[in-house]
Structures are given as structure tokens and as C-alpha cells.
Amino acid sequence: MLQMQLTPSPITATVDFSAPGVSHGFLRLPYSRDDAAWGSIMTPITAVNNGEGPTALLTGANHGDEYEGPIALFDLAATIRAEDVTGRIIIVPAMNYPAFGAGTRTSPIDRGNLNRSFPGRPDGTVTQKIADYFQRVLLPMADVVVDFHSGGRTLDFLPYCAAHILPDKRQEGQSFDLVRAFGAPWSVKMLEIDAVGMYDTAAEEMGKVFVTTELGGGGTATARTAGIAKRGLRNLLIAAGAMRGEVRAQPTQWLDMPDADCFTFAEDGGLIEFLADLGDAVDKGQPIARIYPMTRTGIAPVTVTANRAGLFMARHFPGIVKPGDCVAVVGVEIEA
């Protein structure tokens with residue numbers, strides 16, 4: 001363990017994180033491969049410094065098939081002015097750059113899921129090396145961390161901004177204040193079903209104010225969801241004290257995910273027919289989908305029901321499911 005802590009990261013930044021003004025560059029990770037013996041993975045990064053203030057670390061494409069974050073962050077990197085910043089903003093539009101380039105959730109190099117790879121290893125796989133650099137270099141610099149997500153190619157969400165319930169209620173309160181400022185159509189007190197190795201967990205265990213999103217899905221972004229990401233990011237940075245301006249308040253409906261009954265999983269595989277749409281109110285035990293066997297005709301579909309009453313906030317995407325897939329998520333509407 002001591003040896004791993006002392007091993008330097010193989011990733012080097014071509015930007016100076018302390019230099020005043022706007023700096024564009026790369027995180028360069030040596031990667032020897034068939035077509036480039038001395039090749040590198042070049043992950044774009046922007047650092048902006050102007051005066052005293054908090055450091056905001058902004059990331060997208062933690063999963064490579066989720067696009068609202070990269071759109072908002074490439075746009076911000078192209079338009080940001082140093083005079084608008086009060087502190088420091090670090091922008092990494094595609095933190096899992098190999099997956100982003102391939103349009104896949106996990107890395108095409110090692111099949112690593114970056115959001116299950118923390119704290120990482122400096123001497124591990126490519127994905128573990130990326131996680132290690134964020135764990136040991138970038139996260140310690142940050143006061144506020146924003147990690148954009150959406151459903152990718154296998155889920156679709158109501159567009160929401162979220163934070164987690166935390167043992168440290170001051171940290172939790174600061175996180176939810178920024179969720180409120182973001183102003184997505186829905187705001188969520190989020191429950192994770194698989195939090196081991198997550199970037200979220202790594203940031204929160206360091207005491208960082210951590211905010212995330214789920215802004216759609218289906219392996220694409222729409223004008224609406226990209227607009228939500230751009231407007232929300234600006235609002236959040238202003239509310240966090242990292243950017244000048246006024247928060248443009250947007251109405252939001254709060255949702256809670258109080259327990260595992262929010263999730264419904266398929267026990268059968270096949271063709272799925274949804275019986276409710278995102279945003280619909282559903283009752284406990286209500287049929288929300290049918291799964292048709294695909295190997296022969298004349299067999300009745302299996303009915304899938306909601307495990308609790310609430311608002312249908314996420315669904316499987318696209319139309320074929322496997323046993324164990326998350327079919328639906330139901331949240332509970334609450335007051336802010």
C-alpha cells in the first residue's frame with residue numbers, strides 16, 4: 001500500500017493549474033499500442049484562474065456514451081473568460097477519453113468502468129491510471145466537484161440534478177444548495193445501488209461538495225437536455241462563488257429515493273413494452289412493463305410491476321432487456 005502511494009502518476013498535465021488566465025491543454029497518459037509504440041492518450045483540459053475563490057472541478061463523459069456534460073463543458077471551455085471567474089475552474093469535458101472516443105460506457109482499451117475504478121492505481125490498467133490521477137491530483141485541488149451524467153445507451157431519465165444524503169450534514173446541505181441553484185426540472189436526493197469505487201464516493205470522502213446529474217439518455221443529447229446542462233452549470237458556478245453573475249432561478253420539483261424499492265429489475269429477458277412513460281405517476285404493484293419472450297410466438301409476456309408508488313423517473317433503453325437489467329426507477333415527490 002505504501003509503495004502504491006509513493007508511485008507517481010504516469011499522467012502529466014500540459015497546463016499550469018496555478019497560472020493566471022485561461023489555459024488549454026491535455027492530460028497526457030503514455031499508452032504503447034500496435035499503431036504507436038510511444039503513443040499517448042491526450043485528454044483535453046482547461047484551467048482558468050482569476051483571483052481568490054473556490055476551485056470547481058467540472059467533468060463529463062465519466063461514461064463515454066453520455067453527452068450533455070461534454071457539450072456543456074466543451075462549450076464553457078470555448079467561451080469562458082478569466083475576468084468572469086472568481087477563483088479557479090478546471091474543466092475536463094471527457095474524463096474517460098478512450099470511452100468517449102468510442103461512444104461506449106466503458107473503456108475500449110481495458111473494458112474498465114471509470115466510475116467503479118476509484119481510487120485507482122498508478123501502475124494499473126489505463127482506466128485505473130486515470131482514476132488514480134483524479135484521486136491524487138485533481139480532487140485534492142477542488143472545493144466543488146460537478147460530474148455530469150445521463151442514461152447513456154441503456155437508460156433514459158427525467159432530466160435531474162442530484163446529490164447524496166451524507167453523514168456530514170454541512171457537506172450535504174452545501175451540496176443540495178448547489179443542486180437547487182442548478183435548477184434542473186427535477187432535483188433528486190439520490191440513492192446509489194452500487195457505490196463501491198465511484199468517483200462520487202471518492203470526492204465525498206474527501207469532504208468535497210459533490211453534485212451530479214442524469215439529463216436524459218438513449219446515447220444522445222437533445223437541444224432541451226443540452227440547454228439544461230449549460231444553464232444549470234452557469235447557475236451552479238455562480239452560486240458556488242466560482243463565477244461572477246446572478247443565478248437565474250428555475251423551477252424544480254424535488255424527488256427522493258428513500259430505499260431500494262425505488263428500483264425494479266427484470267427477472268426475464270426479451271422484448272420490453274412499457275405501460276407507463278417517464279413523468280407518469282404510478283402506484284405500488286401497478287404494471288409498468290411487459291416482457292415478451294423472443295424465441296417463439298404464442299407465449300404470454302411477463303408483467304413487471306412497480307415496487308412503490310411515486311413518479312416514474314427512469315427506464316430501460318432501448319427495447320431489449322436481459323435478466324438483471326434495471327427496468328424502471330420510481331421516485332417520491334417531496335417538498336424542497
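Reading guide: rules and limits
Residues numbered from 1 in each chain as written. Predicted model: local features only at pLDDT ≥ 70, side-chain atom pairs only at ≥ 80, totals over all residues. Heavy atoms only, no water. Helix = DSSP H or I, 4+ residues; strand = E, 2+ residues; numbered from the N terminus. Rg over C-alpha atoms; globule rule 2.2 N^0.38 Å. Buried < 20%, exposed > 50% of the residue type's maximum accessible area, 1.4 Å probe, protein only. Contact = heavy atoms within 4.5 Å. Lys, Arg positive; Asp, Glu negative; His and termini not counted. Charge placed at Lys NZ, Arg CZ, Asp CG, Glu CD. Salt bridge = Lys/Arg side-chain N within 4 Å of Asp/Glu carboxyl O. Expected span 1.5 Å × (residues − 1). Polar contact = N/O pair within 3.5 Å; in protein donor to acceptor, adjacent residues only side chain to side chain.

Topic: the overall build of the protein
Secondary structure assignment for the protein yields 7 helices and 19 strands. In terms of C-alpha radius of gyration, the protein reaches 21 Å, essentially the compact-globule figure of 20 Å for 336 residues. Structurally, the protein occupies a C-alpha span of about 65 × 50 × 40 Å along its principal axes. Residues classed as buried in the protein amount to 52% of the 336 residues present. Counting only contacts in the protein whose residues sit at least 6 apart along the sequence, the fraction spanning at least 24 positions is 70%. Averaging the positions of the 28 positive and the 38 negative side-chain charges in the protein gives two centres separated by 3 Å.

Brief notes about the pattern of salt bridges
Counted according to the given criterion, the structure contains 11 salt bridges. The partner of Arg33 in a salt bridge is Asp35, and the shortest N-O contact between them spans 2.7 Å. A relative accessible area of 30% means that Arg33 is categorised as partly exposed. With relative accessibility at 64%, the residue Asp35 sits in the exposed group. Asp65 serves as the salt-bridge partner of Arg153, at 3.9 Å between the closest nitrogen and oxygen.

Digging into helix α5 (residues 169-182)
Across its 14 residues, α5 extends 20 Å between first and last C-alpha, which sits within 8% of the 20 Å expected from 1.5 Å per residue. Those residues of α5 not exposed but buried are Gln171, Glu172, Ser175, Phe176, Leu178, Val179, Ala181 and Phe182. Two or three places before Arg170, at the opening of α5, Asp168 has a side-chain oxygen 3.0 Å from that residue's backbone nitrogen. Following α5 by one or two positions, Gly183 adopts a phi angle in the positive range, close to 75 degrees.

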